[in-house]
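Examining the three-dimensional arrangement
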Amino acid sequence: MKLVSYYYQDNTHIGVIDHDGNIIDVTEIAQTNDMNLLIDRFAELKGRLTDCCEGANRAALSPQKVRLLAPIPMTRRNIFCVGKNYYAHAQEFASSGYDSSAAAGNVPAHPIIFSKPATSISGPDDAIDSRLDPHNSLDYEAELAVVLGKRGRVTDQDDPLSYIFGYTLINDLTSRFLQKQHSQWLLGKGIDGFCPMGPVLVTADEFGEPGRQEIRCTVNGELRQQAQIADLIFTIPTLIKTIGQNITLLPGDVIATGTPAGVGLGFTPPRYLKKGDKVVVSMNEIGQLVNTII
Ligand code: MG
């Protein structure tokens, strides 16, 4: 099932994408327009959500007629993020001279976890305000994001995969200047609007095995990033276990799994985003984030 949040006729709605690619409004069935609450009750609602997309008389809405929002426009708390989780990206980051930990080796021994505030989330077609990074160091990072579906701490007896609700895309937009100046990620990556998400949230049963998926990023049509999810250094179950062994996971939590090689910082000189650029993050099973820099 592909779920969306969207704005239409002065209200936020939740929808399911039908087999023609149109949106079926399920706000009434879910009795909420908050995706977090739908995830809470998904097991109970799933049958009715599926049925409403298959009826011949369903009222379908073209996605062109609405403003798509991030599938979870406001997460319950910060988005969990992973640093340096593809070998080639770890190397390009070390070579850039940006990383004070590079001397200890390019590839981390354990997952590097940080977070982006929920207020950084923006929609799949939203414009990105580059004035919020006055240092002209705005960079892109295409990432597969895992959305969790249940509450709990992950023990050795648990299957981490059982925590997964579904998958979406994010662009972990970053002010490289602030990332370096403050020796930490929060300020450089937490800026308002610097986390485009979507366009859809694909449930785990429909998405299948993430390892066979490819993620791409283009800037003004030029391919900058292209990688197989199978190339992750730390797998998705490892990330869920690493975070969830000491922190109670919540339904609707998002884990951005890291970005592959090809970010602007990796070029000499760096090729950062500038006003008028169009950055597109895509994956066949999820669709495209298309964000213009203003
Ligand atoms: Mg990142």
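Structure: above.
Residues numbered from 1 in each chain as written. Predicted model: local features only at pLDDT ≥ 70, side-chain atom pairs only at ≥ 80, totals over all residues. Heavy atoms only, no water.

**With respect to the coordination of the magnesium ion**
In an ideal tetrahedron of four donors about a metal, each angle is 109.5 degrees. In an ideal octahedron of six donors, the angles are 90 or 180 degrees. Bound to the magnesium ion on the protein side are Glu141 (OE), Glu143 (OE) and Asp172 (OD), at distances that span 2.0 to 2.1 Å. Site description for the magnesium ion: donor spacing in sequence, E-x1-E-x28-D. Highlighted residues: Glu143 in strand E10 (residues 142–148) and Asp172 in the loop between strand E11 (164–171) and strand E12 (174–175), separated in sequence by 29 residues. Owing to a relative accessible area of 0%, Glu143 belongs among the buried residues under this scheme. Assessed through its relative accessible area of 0%, Asp172 is described here as buried. (Donors = N, O, S within 2.8 Å, 3.2 Å for Na, K, Ca; no water. Helix = DSSP H or I, 4+ residues; strand = E, 2+ residues; numbered from the N terminus. Buried < 20%, exposed > 50% of the residue type's maximum accessible area, 1.4 Å probe, protein only.)

**Examining the environment of Leu3**
You can see Leu3 is positioned in strand E1 (residues 2–8). Assessed through its relative accessible area of 0%, Leu3 is described here as buried. Along the sequence, Leu3 and Ser130 sit 127 residues apart, while their C-alpha atoms lie 29 Å from each other. When near neighbours in sequence (up to four residues on either side) are disregarded, Leu3 contacts Gly15, Val16, Met35, Leu38, Phe42, Phe165, Val200, Leu201 and Thr203. (Contact = heavy atoms within 4.5 Å.)

**A word on the nonpolar core**
With 49 residues, the main nonpolar core has Ile215, Ile240 and Ile286 as its most contacted residues. If you list the elements that add at least two residues to this core, you get E1, strand E6 (79–83), E10, E11, strand E13 (195–203), strand E14 (214–219), helix H8 (236–244) and strand E17 (278–283). The two domains that each donate at least three residues to this core are domain 1 (2–68) and domain 2 (79–293). Judged by nonpolar contacts, the second largest core, of 31 residues, contains Met1, Val16, Ile72 and Ile170. (Core = buried A, V, L, I, M, F, W, Y, C linked by side-chain atoms within 4.5 Å. Domains from an automatic or database assignment.)

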